[in-house]
Number of protein chains: 2
Amino acid sequence: MRKSVARELYTAGKLCVAAAGILATSTASANDDLMNAARRIFKPIPSVVPEMKDNPITHEKVTLGKSLFFDPRLSASEVISCNTCHNLGTGGVDAGPLSVGHRWQLGSRRAPTVYNAVFNVAQFWDGRAADLKTQAAGPIQSSKEMNSTPAHVLNTLSSMNDYVVMFNKAFPNDAAPLTFENFAKAIEAFETTLITPAAAFDRYLEGDAHALSDQQKAGLKLFIEKGCSSCHNGINVGGQDYFPFGVMERPAASLLPRDDKGRFTVTGVPGDEYVFRSAPLRNVALRSPYFHSGQVWSLKQAVGVMGEIQLGVKLNDTEKDDIVAFLNSLTGQLPKIDYPILPARTEKTPKPSVDK
Amino acid sequence: MRKSVARELYTAGKLCVAAAGILATSTASANDDLMNAARRIFKPIPSVVPEMKDNPITHEKVTLGKSLFFDPRLSASEVISCNTCHNLGTGGVDAGPLSVGHRWQLGSRRAPTVYNAVFNVAQFWDGRAADLKTQAAGPIQSSKEMNSTPAHVLNTLSSMNDYVVMFNKAFPNDAAPLTFENFAKAIEAFETTLITPAAAFDRYLEGDAHALSDQQKAGLKLFIEKGCSSCHNGINVGGQDYFPFGVMERPAASLLPRDDKGRFTVTGVPGDEYVFRSAPLRNVALRSPYFHSGQVWSLKQAVGVMGEIQLGVKLNDTEKDDIVAFLNSLTGQLPKIDYPILPARTEKTPKPSVDK
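How each quantity is defined
- Residues numbered from 1 in each chain as written.
- Chains lettered and ligands numbered in written order.
- Predicted model: local features only at pLDDT ≥ 70, side-chain atom pairs only at ≥ 80, totals over all residues.
- Heavy atoms only, no water.
- Helix = DSSP H or I, 4+ residues; strand = E, 2+ residues; numbered from the N terminus.
- Buried < 20%, exposed > 50% of the residue type's maximum accessible area, 1.4 Å probe, protein only.
- Areas by Shrake-Rupley, 256 points an atom, 1.4 Å probe, with all protein chains shown as cover.
- Lys, Arg positive; Asp, Glu negative; His and termini not counted.
- Charge placed at Lys NZ, Arg CZ, Asp CG, Glu CD.
- Axes fitted to C-alpha atoms, helices over the stretch in contact; angles between N-to-C directions.
- Parallel < 35°, antiparallel > 145°, perpendicular 65-115°, else oblique.
- Left-handed = near helix turned anticlockwise from the far one by under 90°.
- Contact = heavy atoms within 4.5 Å.
- Salt bridge = Lys/Arg side-chain N within 4 Å of Asp/Glu carboxyl O.
- Least-squares fit on C-alpha atoms with pLDDT ≥ 70 in both.
- Core = buried A, V, L, I, M, F, W, Y, C linked by side-chain atoms within 4.5 Å.
- Nonpolar A, V, L, I, M, F, W, Y, C, P; charged D, E, K, R; others polar.
- Phe/Tyr/Trp six-rings, centres within 6.5 Å; stacked < 30°, edge-to-face > 60°.
- Arc of directions from axis to C-beta.
- Buried area = accessible area lost by both parts, 1.4 Å probe.
- Disulfide = S-S within 2.5 Å.
- Polar contact = N/O pair within 3.5 Å; in protein donor to acceptor, adjacent residues only side chain to side chain.

## Quick look at the overall build of chain A
- In terms of helices and strands, chain A carries 13 helices and 2 strands.
- Taken along the three principal axes of its C-alpha coordinates, chain A extends 70 × 45 × 30 Å.
- By the burial criterion, 59% of the 356 residues in chain A qualify as buried.
- On chain A, roughly 14,300 Å² of surface is accessible, and the fraction owed to carbon and sulfur atoms is 52%.
- Both charge centroids of chain A, one from 38 positive and one from 36 negative side chains, sit 2 Å from each other.

## Considerations on the packing of helix 12 (residues 299–311) of chain B against helix 13 (residues 317–328) of chain B
Residue and element names in this part refer to chain B.
- Orientation of helix 12 relative to helix 13, taken along the N-to-C sense of each, is 115°, at an axis distance of 9 Å. The angle between helix 12 and helix 13 places the two elements in the roughly perpendicular class. Here the hand of the crossing between helix 12 and helix 13 comes out right-handed. Residues Leu-299, Lys-300, Val-303 and Gly-304 of helix 12 pack against Asp-317, Lys-320, Asp-321, Ile-323, Val-324 and Leu-327 of helix 13.

## Description of the pattern of salt bridges
Residues and elements named next belong to chain A.
- This structure, assessed with the given rule, holds 32 salt bridges over all chains.
- Arg-73 is paired through a salt bridge with Asp-71; the nearest N and O atoms lie 2.8 Å apart. Across the pair, exposure class does not vary: Arg-73 and Asp-71 are buried alike.

## A word on the relation of the copies chain B and chain A
- Between chain B and chain A, which share one sequence, the superposing operator has a rotation angle of 180° and an axial displacement of 0.0 Å; the RMSD is 0.0 Å. Accordingly, the operation relating the two chain copies is best matched by a two-fold axis. Across chain B, the rotation axis passes nearest the C-alpha of B:Asp338, at a separation of 2.3 Å.

## Remarks on the nonpolar core
- The biggest cluster of nonpolar side chains holds 76 residues, and the ones touching the most others in it are A:Leu68, A:Leu88, A:Phe183, B:Leu68, B:Leu88 and B:Phe183.
- Going through the elements one at a time, helix 3 (59–70), helix 6 (150–158), helix 7 (161–170) and helix 8 (180–192) of chain A together with helix 3 (59–70), helix 6 (150–158), helix 7 (161–170) and helix 8 (180–192) of chain B are the ones with two or more residues in this core.
- Excluding anything up to four places from it in sequence, A:Leu88 contacts A:Phe69, A:Phe70, A:Asn83, A:Val114, A:Tyr115, A:Phe190, A:Leu194, A:Leu334, A:Ile337, B:Tyr339 and B:Ile341.
- Judged by nonpolar contacts, the second largest core, of 43 residues, contains A:Ala38, A:Trp125, A:Phe223 and A:Val303.

## Remarks on the packing of helix 10 (residues 214–225) of chain A against helix 13 (residues 317–328) of chain A
Residue and element names in this part refer to chain A.
- Look at helix 10 against helix 13: their axes get within 7 Å of each other, and the N-to-C directions meet at 105°. The orientation of helix 10 relative to helix 13 falls into the category roughly perpendicular. Only Glu-319, Asp-321, Asp-322, Ile-323, Ala-325, Phe-326, Leu-327 and Asn-328 of helix 13 make contact with helix 10, whose side of the interface consists of Gln-215, Gln-216, Ala-218, Gly-219, Leu-220, Leu-222 and Phe-223.
- Here the residues of the contact of helix 10 with helix 13 sort into 8 nonpolar, 4 polar and 3 charged.

## Here we look at the packing of aromatic side chains
- Taken as a whole, this structure holds 27 aromatic pairs over all chains when the rule is applied.
- Judged by centre distance (5.6 Å) and plane angle (75°), the rings of A:Phe69 and A:Phe70 are edge-to-face. A:Phe70 matches A:Phe69 in its accessibility class, with the two residues each being buried.
- Three or more aromatic residues joined by ring pairs form one cluster here, namely A:Phe69, A:Phe70, A:Phe190, A:Tyr339, B:Phe69, B:Phe70, B:Phe190 and B:Tyr339.

## Looking at the environment of B:Pro150
All names here are of chain B.
- Locating Pro-150 in the fold gives a position in helix 6.
- Given a relative accessible area of 28%, Pro-150 falls into the partly exposed group.
- Remark: the alpha-carbon pair of Pro-150 and Phe-180, spanning 30 residues in sequence, is separated by 6.0 Å.
- Here Pro-150 is in contact with Gln-141 and Phe-180, once residues within four sequence places are set aside.

## Observations regarding the side chain of B:His292
All names here are of chain B.
- Mapping His-292 onto the fold places it in the loop between strand 2 (275–277) and helix 12.
- For His-292, a relative accessible area of 2% gives the class buried.
- Residue contacts for His-292: discarding those within four places in its chain leaves Arg-109, Arg-110, Trp-125, Phe-245, Leu-255, Leu-256, Pro-257, Asp-260 and Phe-276.

## A look at unusual backbone geometry
- Geometrically, the link from A:Ser288 to A:Pro289 is a cis peptide bond, its omega value of 5° lying close to zero.
- Tracing the backbone through its elements, the reader meets A:Pro289 in the loop between strand 2 (275–277) and helix 12 (299–311).
- Phi is positive for A:Asn116, close to 60°, though the residue is something other than glycine.
- As for its position among the elements, A:Asn116 is in the loop between helix 4 (82–85) and helix 5 (132–136).
- With phi around 80°, B:Phe124 is a residue other than glycine that occupies positive phi space.

## Considering helix 6 of chain B
Residue and element names in this part refer to chain B.
- Those residues of helix 6 lying buried are His-152, Val-153, Thr-156 and Leu-157. All buried residues of helix 6 fall inside an arc of 120° around its axis, so they share one side.
- Buried residues in helix 6 make contact with helix 3, helix 7 and helix 8.

## A short note on the interface of chain B and chain A
- At the interface, 41 residues of chain B touch 41 residues of chain A.
- In total, chain B and chain A occlude about 3,300 Å² of area from one another, counting both sides; carbon and sulfur atoms represent 68% of this.
- The largest contributions to the chain B side of the interface with chain A come from B:Trp104, B:Trp297 and B:Tyr339, which together make up 24% of the buried area.
- At the junction of chain B and chain A, the tally comes to 2 salt bridges.
- Ionic pairing is found between B:Asp338 and A:Lys336, a salt bridge with its closest N-O pair at 3.7 Å.

## Quick notes on the state of the cysteines
- In this structure the tally under the stated criterion is 0 disulfides over all chains.
- The thiol of A:Cys228 is not disulfide-bonded; the next cysteine sulfur, from A:Cys231, is found 9.0 Å away.

## A short note on the environment of B:Tyr204
Residue and element names in this part refer to chain B.
- Its place among the elements puts Tyr-204 in helix 9 (residues 200–205).
- What makes Tyr-204 buried here is its relative accessible area of 1%.
- Along the sequence, Tyr-204 and Gly-307 sit 103 residues apart, while their C-alpha atoms lie 25 Å from each other.
- Ignoring sequence-local partners within four residues, the contact set of Tyr-204 consists of Asn-31, Leu-34, Met-35, Ala-38, Ala-209, Ala-211, Leu-212, Lys-217 and Leu-220.
- In this structure the side chain of Tyr-204 is engaged in a polar contact, spanning 3.3 Å, whose partner is the backbone nitrogen of Met-35.

This is the structure:
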């Protein structure tokens, strides 16, 4: 679904139930129809790392980016790394609901996953970063998160010769490879490798009708017919466009804190108040708690809430179970990560600042 | 050196310069003499994982222990894991000087490394834990560190079926495999694999006279002759016995905080005030800042301080450089660690408590 179409649909005050009715319900070809409908709405995760238009992905850049991603010394306290909140061992997120940052300050929204983030239309819940390298430059400078500065990052990295060598290899055509921009590009390169192909749903989209159980197929059918896929579609089953949180019904204040205006703070457009990027649902079963406020711990409950506030539909117990079964088919194969041995600090490495 | 001998030596108020004089200085056999002296004092890191007398090391137990080591959900906040302070990417320690724990509280001593910890006589700076499994049960329950409880640990682990299966496989003969004791045993099993063989110094001890440079050999000779090896000996070049911090001269208050009585709090023996386990020096070049107070960031400066306060010797610049060169030969091969994909939390998993 193209952005403009999606926008019109929710502006009309009601989400598109675009696919409803296209599925035969009682014929012998029902299964084929379901697979064909799914193929029009979703795409499988590719098995190869996607290309970045302005940031060629090389082995050297990915290796460097992995070290940077795991290096806590880039934060002011030298305690917090990207992996602290985007833990690759727990679905690319932390325990939540909100992330714990510098001096134990809490973030304002649930950490989004880095897995498959490359397939999102933009980064952050409000899409304020156009791409992963722009995103990577954000939390490291946030006073509530890593509380660092480009100067601290560059002083830290340049103090360790192994890092200097890694930057030279990763950016061989640059006159001055060690820059904050290249730091962000290397992290982007690593994050493009954080894709999780070969979920049961991917195998289904690729033609294996037996990859999903009957219950998962029933859940997929409901997911399309009830209208979930109007917002949650594409490669990431979400993450492709922006929608109001609470189309049909105002969410409880616990789910939508009143002071979080969503995309409005990015665009300044009044209609964008409480608008968020639809959550990408790949590996969603690994990533409770749910929503940008992280206040719902049960996937079944989250499905129920979405039905009510976004679609005006009260799903029954069986329907919710079926949809959850389908969502479980979105859990893919997480990449194998060798934990990086980081360059040793030197006497020139800036000291940690735990109480700045 | 046996414990009782070492104890008598420092009780006499002066550290043994036991090996001084045993080394020929101007004969053709000087190199042989140095290697033979070194072999009497030190031992190479074995290339196989050591056996634990009451905790057989199995692949299943190590795999489980690795997941536990990296799992932040075992802490009250679900933010802090063993690896937070004993970061395997940075020499098995954090940035220091003191560790940041629950609610950003600071610990009271520099985090000791987990690498080669299995070869220490006991664990912690004051040796209050006899072994690694006793150690593993400590920080997780400390209100300043992980602030957890055995109940939180067991409720968390039993809420995830994959963990239950892993405990069953790791402890196949136990009627109830998932216990806090077995949690600690599994971490001990993993930590026994954290050994770093094949340092240049190991190859030297194994007979390769060319494994050390001339400067490193000069440093080794000084290390023995000046008396450093009286406390820093054995497999870990330290970690084998307890000694007062400040034998010849009182360290500055910044290096020895007055309220830290060291081993006295373990034994209650007045003579144990300001007594600490000698620091194991394996991979020491990876682990600044130094001393239990973590206040010295330069290895060369640390060598100078040790000479003055422990040996009453003012080392000159060349001597310090030579000893640092030798200490650099203690950096071994760190094991390759696959970052574990942890079991996904369920609705039964206890919620994080960030402000308890």
